[in-house]
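Descriptive analysis of the structure
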Amino acid sequence: MSLDRPVSRRLLSDEVFDRLRDSIVRGELVPGEKVRDGELAERLGLSRTPVREALARLADIGLVEAKPGVYTRITTLNRRDVENTLAVLRSLDQLAVEAAVPVMTDEDLGRMREANRDFERAVATDDTAAALAADDRFHAVPLTAAGNPVLSRIVEQLHPQIHRILHRKFSTLLGGRNTIEHHDRLVEVCAGGDARAAADLSGRHWLELGGHINELFDTNQFAEAATG
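Residues numbered from 1 in each chain as written. Predicted model: local features only at pLDDT ≥ 70, side-chain atom pairs only at ≥ 80, totals over all residues. Heavy atoms only, no water.

An unreviewed UniProt entry lists the protein chain under the name DNA-binding GntR family transcriptional regulator, with Streptomyces luteogriseus given as the organism.

What follows is the structure, encoded as structure tokens:
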């Protein structure tokens, strides 16, 4: 969805938030880039108010940082922040999986398998957006089955920070067979009813992802030339 397409009036502030969030995740708005509410409002065909509201919400989830009277800019990709976010997401995902396994149905397992097949097709065609969407659907199954709305809200809030990394380095982080095979294995462990083993398996996958991301930071592959 292009940042420059005019926004409809329905649910205006939410749509502006979604549009800006997605532009940050995709890298259309790059880390370190200064943003101005007036310029964004003009691009979106809006007044400044919903844009300011959206920027404030983006600051709350760590995608935008502001120094009043000095700048508002897209948050840079910081190794420590990414490590901290991954650590929290790993724990939350393990909690969700362990709570979900005892109550998961055949339909739940089927949705996970279907999402992984969609993920596999997206990987084969190098479709980053489709792959991330399929990966989200896969992990949303145990998250929903766990029946903890607080957990769901926190995960949803943290996802965009990691999606920025995954979107930029899709082929490195998600392009191999390992994620597909991990998903298949996780479904089978969940089907077997061993909640602790499923949670441990999920945690190991997050640790592996964190290791890959650290390698990218080590080789300076997230260096940016900030604009604005």
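**Things to note about the packing of helix α4 (residues 79-100) against helix α6 (residues 128-145)**
Under the convention used in this document: Every axis corresponds to a line fitted to the C-alpha atoms, with the helix fit spanning only the stretch in contact, and the corresponding angles, defined between N-to-C directions, vary from 0 to 180 degrees. Numbering of helices and strands runs from the N terminus, with a helix taken as a DSSP run of H or I at least four residues long and a strand as a DSSP run of E at least two residues long. These descriptions rest on fixed angle ranges, namely under 35 degrees for roughly parallel, over 145 for roughly antiparallel, 65 to 115 for roughly perpendicular, and the rest for oblique. Throughout, a crossing is termed right-handed when the near helix is turned clockwise from the far one, and left-handed when it is turned anticlockwise from it by less than a right angle. Contacts are assigned to residue pairs that have any heavy atoms within 4.5 Å of one another. Classification used: nonpolar for Ala, Val, Leu, Ile, Met, Phe, Trp, Tyr, Cys and Pro, charged for Asp, Glu, Lys and Arg, polar for all others including Gly.
Closest axis-to-axis distance for the α4/α6 pair is 7 Å, and the angle between their directions is 60°. As far as their axial angle goes, α6 and α4 are oblique. Viewed along their axes, α4 and α6 form a crossing whose handedness is left-handed. The residues of α6 that touch α4, namely those facing Asp93, Ala96, Val97 and Ala100, are His139, Pro142, Leu143 and Ala145. Its residues assigned to classes, the contact of α4 with α6 comprises six nonpolar, one polar and one charged.

**So, the packing of helix α1 (residues 12-26) against helix α3 (residues 48-60)**
Two elements in contact, α1 and α3, have axes whose closest approach is 8 Å; the angle formed by their N-to-C orientations is 55°. Relative to α3, α1 is oriented oblique. Between α1 and α3 lies a crossing whose hand is right-handed. Contacts from Leu12, Ser13, Asp14, Val16, Phe17, Leu20, Arg21 and Ile24 of α1 reach α3 at Pro50, Val51, Glu53, Ala54, Leu55, Arg57 and Leu58. Among the residues making up the contact of α1 with α3, the classes are represented as 10 nonpolar, one polar and four charged.

**A few points about the layout of surface pockets**
Threshold: Points on a 1 Å grid over protein atoms alone make up a cavity when a 1.4 Å probe fits among them but cannot get out, and a pocket when they form an open set with protein on both sides within 12 Å along at least five of seven lines; lining residues each have an atom within 4 Å of a point. Grid points are joined across faces, edges and corners, and a volume is the space filled by probe spheres set on the points. What fixes the domain bounds is an automatic or database domain assignment.
Quantified by volume, the largest pocket comes out at close to 490 Å³. Lining the largest pocket are 21 residues, with Leu132, Ala133, Asp136, His159 and His163 sitting closest to its centre. Elements represented by at least two residues in the lining of the largest pocket include exactly α1, α4, α6 and α7 (149-168). Residue-level mapping places the lining of the largest pocket at the junction of two domains, with at least three residues from each of domain 1 (12-74) and domain 2 (79-219). Size it by volume and the second largest pocket reaches roughly 200 Å³.

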